[in-house]
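Analysis of the macromolecular model
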Amino acid sequence: MSREWWRDAVVYQIYPRSFQDSNGDGIGDLEGIIQRLDYLNDGTEQSLGIDALWFSPTFPSPMTDFGYDVSDYCGVDPAFGTLETMDRLIAECHKRGIKVLLDWVPNHSSDQHPWFIESRSSRDNPKRDWYYWRPAKPDGSLPNNWRGSFGGPAWTLDETTGEYYLHSFLREQPDLNWRNPEVERAMHDVLRFWFERGIDGFRIDVMGGIVKEPNLADNPPNPDWTPDGPRVSRQLWVNNRNYPDVYPAVKRIRKVFDEYEARVAVGEVFGTSQEVADYYGSDEEPGLHLAFNFQFIHEHEPVHTPWEAETLRRIVHNAEATLPPGAQPCYALANHDRSRFISRNNEDGHGAARARAATVMLLALRNTPFLYYGEEIGMEDVDVPEERLQDPARFRTTGRDPERTPMQWDQSPGRGFSTVEPWLPYGRVDRNVQDASAQSDSLLALTRRAIWLRKSTPVLCEGAYREIDAPAGVFAFERFAGPETATVVVNTSGAAVVVPLRRPGSVILSTIAAEEGTRCESSVTVGPFGAAVVL
Ligand code: GLC
Ligand code: CA
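Below, the structure is looked at part by part. Along each chain, residue indices are assigned from 1 in the same order as the chain's sequence is written. All chains are assigned letters beginning at A, and all ligands numbers beginning at 1, according to the order in which they are written. Given that this is a predicted model, residues contribute local features only at a pLDDT of at least 70 and side-chain atom pairs are listed and counted only at 80 or more, while totals for whole chains, interfaces and linings are drawn from all residues. Side-chain metrics in this entry use all non-hydrogen atoms of the structure; hydrogen atoms and water are not considered.

1. A few points about the site of ligand 1
Taken together, 14 residues surround ligand 1, and among them Asp65, Asp205, Glu268, His336 and Asp337 come closest. Here a polar contact means two N or O atoms within 3.5 Å. Within protein one must be a hydrogen donor candidate and the other an acceptor candidate, and residues neighboring in sequence count only if both atoms are side-chain atoms. Aspartate 65 is positioned with one of its side-chain polar atoms (N or O) 2.6 Å from an oxygen atom of ligand 1. The nearness test applies per residue and asks whether one of its heavy atoms lies within 4 Å of the molecule or strand.

The structure is reproduced here in structure tokens:
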């Protein structure tokens, strides 16, 4: 069997509202993405060189959760374009060798989806059982104690029929009942619809939530929760996240992917390393091709993971130790739900330096790396004024707008993104593609070098992983395959370090471009917050 393409791919996540506005309404769109494809990969090292794109949902949606509330799984929202634009985008990507992943939202639809409109219309509607409807308990209280991920109870009373419906997120996002085979079939057909149009795979939203405890039993209290203690959730989400019955459902989803050639399923999953690993299934009963490991963002939600060698080492160790044979990790340093990397790691002002080392680490680890748009030019969280906040999910005080602001292409007033006031304000003007492209030592230049190096260095794609001893403050590992061994050194300390090498080589990638090409006999020197790869 030939090696699957996604094992060697670097994937770039686009938040479509914020990549490129092509028609002057202040909102990014599919035509805009087409216009910017050469930036992503024009076949030369002048471009980023990514292999696949994932964009957050572009389906018709009331946009209450900006596309994660889908009212038609088989269309394109007019704000983003039409099915014809999508077809053209797929074709243009494929012409450049770029694969396209969409974002499938199986856990819930919009409350404006025709299925839900029917379902809520009467207690005996044939679609009633497509969602979770429950009466209040005899004492008048809610059907169970589950909370929504964005705060508040997970139940809303619907006046029409006097029953509550379940929503794990906003009340505008009712949960689909995956225990109903009709729902499962309809959702599988959505995958087929897009596969037929040439989509190469899906990022799967809230994968761990789709199948709940059969009786929707209460969640037990979290023994670690105290009124003034660390911010942990009040209950353990054992009956509505990673519930054991979700795994067989995932394996049935996988079968749909396997009806087509070379498609990939990447699940958004949260949990322990073991829970994440379980989503891959086994050779006999495969599950997801890839399951996100978000631990570089938050090992223990909601606390951000510190950029600290021992923590990084542990995260990778746990992933490598739990994944089944043949499975490959999939890390991300940022996405549309979390504070941007630099902003999370900038308390002492060294966030930008850490972002460089993080880029080297991510692209040198054994994994399918996911890059979030704008990270490569060092975009930071934007301080969005109260009156312009858009995200209704305020589980962080500001919601998620700060990390969703428009891509900055140049210094012009519209940043090359739009000609009118954009849907969210721009960030610091000095972070833009045009300037970063002109500077040989920019983060963008480093990201490009790292991606292209990975492509031309098989050991960085296919090599196995092993950690090696390193001084305090340093995370060091090797990638090895046959006679080749690359050594990767990530210095999270603020002082230069000298790390012994088990074999001589040359620096093939460094956070400091001028150091590339340096010959190393028995050790490599890495500057403060720096990183290097020696081969
Ligand atoms: C996922 C998405 C997030 C969305 C939520 C509900 O976590 O990444 O943006 O709000 O699911 O669909
Ligand atoms: Ca637009």
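2. Regarding the sheet that holds strand β5 (residues 155–158)
Two strands form a pair only when DSSP identifies at least two bridges running between them. Helix numbering and strand numbering both begin at the N terminus, where a helix is a DSSP run of H or I of at least 4 residues and a strand a DSSP run of E of at least 2. Read across the open sheet, the 3 strands follow the order β4-β6-β5; overall the sheet is antiparallel. In this open sheet, the two edge strands, each paired with only one partner strand, are β4 (133–134) and β5. Relative to strand β6 (residues 163–166), β4 runs antiparallel, the two being bridged by 2 bridges. Bridge assignment links arginine 134 to a residue of β6, and that residue is tyrosine 164.

3. Observations regarding the coordination of the calcium ion (ligand 2)
Expected angles at a metal are 109.5 degrees for tetrahedral coordination by four donors and either 90 or 180 degrees for octahedral coordination by six donors. Around the calcium ion (ligand 2), the donor atoms from the protein are Asp21 (OD), Asn23 (OD1), Asp25 (OD), Ile27 (O) and Asp29 (OD), and they sit 2.3 to 2.4 Å away. Taken in sequence order, the residues that donate to the calcium ion (ligand 2) follow the motif D-x1-N-x1-D-x1-I-x1-D. Look at aspartate 21 and you get buried, because its relative accessible area is 5%. Burial classification: accessible surface area is computed with a 1.4 Å probe over protein chains only, and a residue below 20% of its type maximum counts as buried, one above 50% as exposed, and the rest as partly exposed. Assessed through its relative accessible area of 16%, isoleucine 27 is described here as buried. Water is absent from the atoms considered, so a metal site may look incomplete; donors are defined as N, O and S atoms within 2.8 Å of the metal, or 3.2 Å for Na, K and Ca.

4. Thoughts on the packing of aromatic side chains
Side-chain rings of Phe, Tyr and Trp, where Trp is taken by its six-membered ring, are said to pair if the distance between their centres is within 6.5 Å; with planes under 30 degrees apart they count as stacked, over 60 as edge-to-face, and otherwise as tilted. Summed over all chains, the structure comprises 33 aromatic pairs. Grouping aromatic residues by their ring pairs yields a cluster made of Tyr12, Phe19, Tyr39, Tyr372, Tyr373 and Trp409. Two conditions define a charge sitting above a ring: the NZ of Lys or the CZ of Arg must be within 6 Å of the ring centre, and it must be within 35 degrees of the ring normal. Residue placement shows arginine 340 over the ring face of tyrosine 373; its charged tip is 4.8 Å from the ring centre. For the cation-ring pair, lysine 455 lies above tryptophan 452, with the distance from its terminal atom to the ring centre recorded as 5.0 Å.

5. Thoughts on the packing of helix α10 (residues 351–364) against helix α12 (residues 443–456)
Here an angle of 0 to 180 degrees is reported between the N-to-C directions of two axes, which are lines fitted to C-alpha atoms, with helices fitted over the stretch in contact. For the pair α10 and α12, the least separation of the axes is 10 Å and the interaxial angle reads 10 degrees. Overall, the two elements α10 and α12 adopt an arrangement that is roughly parallel. Crossing of α10 against α12: the hand is right-handed. On α12, the residues that touch Ala355, Arg356, Thr359, Val360, Leu362, Leu363 and Ala364 of α10 are Leu443, Leu446, Thr447, Ala450, Ile451 and Arg454. Residue composition of the contact of α10 with α12, by class: 9 nonpolar, 2 polar and 2 charged. Any angle that is under 35 degrees is reported as roughly parallel, and any over 145 degrees as roughly antiparallel; angles of 65 to 115 degrees are reported as roughly perpendicular and all others as oblique. Should the near helix be turned counterclockwise from the far one by less than a right angle, the crossing is left-handed, whereas a clockwise turn marks it as right-handed. Note on contacts: a residue pair qualifies if any of its non-hydrogen atoms lie within 4.5 Å across the two residues. Each residue receives one of three labels: charged for Asp, Glu, Lys and Arg, nonpolar for Ala, Val, Leu, Ile, Met, Phe, Trp, Tyr, Cys and Pro, and polar for the others, Gly being one of them.

6. Examining the side chain of asparagine 335
By the secondary structure assignment, asparagine 335 is in the loop between α8 (309–322) and α9 (341–344). For asparagine 335, a relative accessible area of 8% gives the class buried. Only 2.8 Å separates the side chain of asparagine 335 from the backbone nitrogen of aspartate 337, close enough to count as a polar contact. A polar contact of 3.4 Å, which involves the side chain of asparagine 335, links it to the backbone nitrogen of arginine 338.

7. Notes on the sheet that holds strand β11 (residues 464–467)
Sheet architecture is open: 6 strands sit in the order β11-β12-β13-β18-β15-β16, paired in antiparallel fashion. The strands lining the two open edges of the sheet, one partner per strand, are β11 and β16 (519–520). Here α10 sits on the sheet in contact with β12 (474–481), β13 (484–491), β15 (505–510) and β18 (531–534), set at roughly 35 degrees to β18.

8. Topic: the nonpolar core
Residues grouped as a nonpolar core are buried Ala, Val, Leu, Ile, Met, Phe, Trp, Tyr and Cys residues, joined through side-chain atoms within 4.5 Å. Counting 142 residues, the largest nonpolar core has Tyr12 and Leu53 as the members making the most contacts within it. The greatest single-element share of this core, amounting to 8 residues, is contributed by α10. In contact with leucine 53, not counting residues within four places along its chain, are Val11, Tyr12, Ile14, Ile33, Leu37, Leu40, Cys93, Ile98, Lys99, Val100 and Leu101. If you look at the next biggest cluster of nonpolar residues, it comprises 13 residues, including Val474, Val489, Ala532 and Val534.

9. Some points on the pairing of β15
Extensive coverage of β15 is indicated by the burial of 5 of its 6 residues. Here β15 runs beside β16; their pairing, made up of 2 bridges, is antiparallel. Each residue of the ladder has a partner; that of glycine 505, found in β16, is cysteine 520. In this structure, β15 lies alongside β18, joined through 3 bridges in antiparallel fashion.

10. Some details on the pattern of salt bridges
A side chain of one charge can pair with a side chain of the opposite charge when the charged atoms of the two come close. Salt-bridge detection follows one rule: a side-chain nitrogen of Lys or Arg within 4 Å of a carboxyl oxygen of Asp or Glu. Going through the model one piece at a time under the given rule, you end up with 42 salt bridges. Glutamate 320 is the partner of arginine 366 in a salt bridge, and the nearest nitrogen-oxygen pair spans 3.0 Å. Residue arginine 366 is located in the loop between α10 and β10 (370–372), and its partner glutamate 320 is located in helix α8; the two are separated by 46 residues in the primary sequence. What makes arginine 366 buried here is its relative accessible area of 16%. With a shortest N-O distance of 3.2 Å, glutamate 478 and arginine 503 are connected by a salt bridge. Here glutamate 478, found in strand β12, pairs with arginine 503, found in the loop between β14 (497–500) and β15; they are 25 residues apart in sequence, far enough to count as distant. The class for glutamate 478 is buried, based on a relative accessible area of 0%.

11. Examining the environment of glutamate 299
Within the secondary structure layout, glutamate 299 lies in the loop between β9 (290–291) and α8. On a C-alpha basis, the gap between glutamate 299 and valine 100 in space is 29 Å, while along the polypeptide they are 199 residues apart. In contact with glutamate 299, other than residues within four places in its own chain, are Thr305, Thr311, Arg314 and Ile315. Polar side-chain contacts of glutamate 299 include one of 2.8 Å to the side chain of arginine 314.

12. What to know about the state of the cysteines
A pair of sulfur atoms, both from cysteines and within 2.5 Å, is called a disulfide here. Taken as a whole, this structure holds 0 disulfides when the rule is applied. As a non-bridged cysteine, cysteine 93 has cysteine 330 as the owner of its nearest cysteine sulfur, 19 Å distant. For the unlinked cysteine cysteine 330, the closest cysteine sulfur is that of cysteine 461, found at 15 Å. Accessibility expressed as a relative area gives 0% for cysteine 330, which makes it buried.

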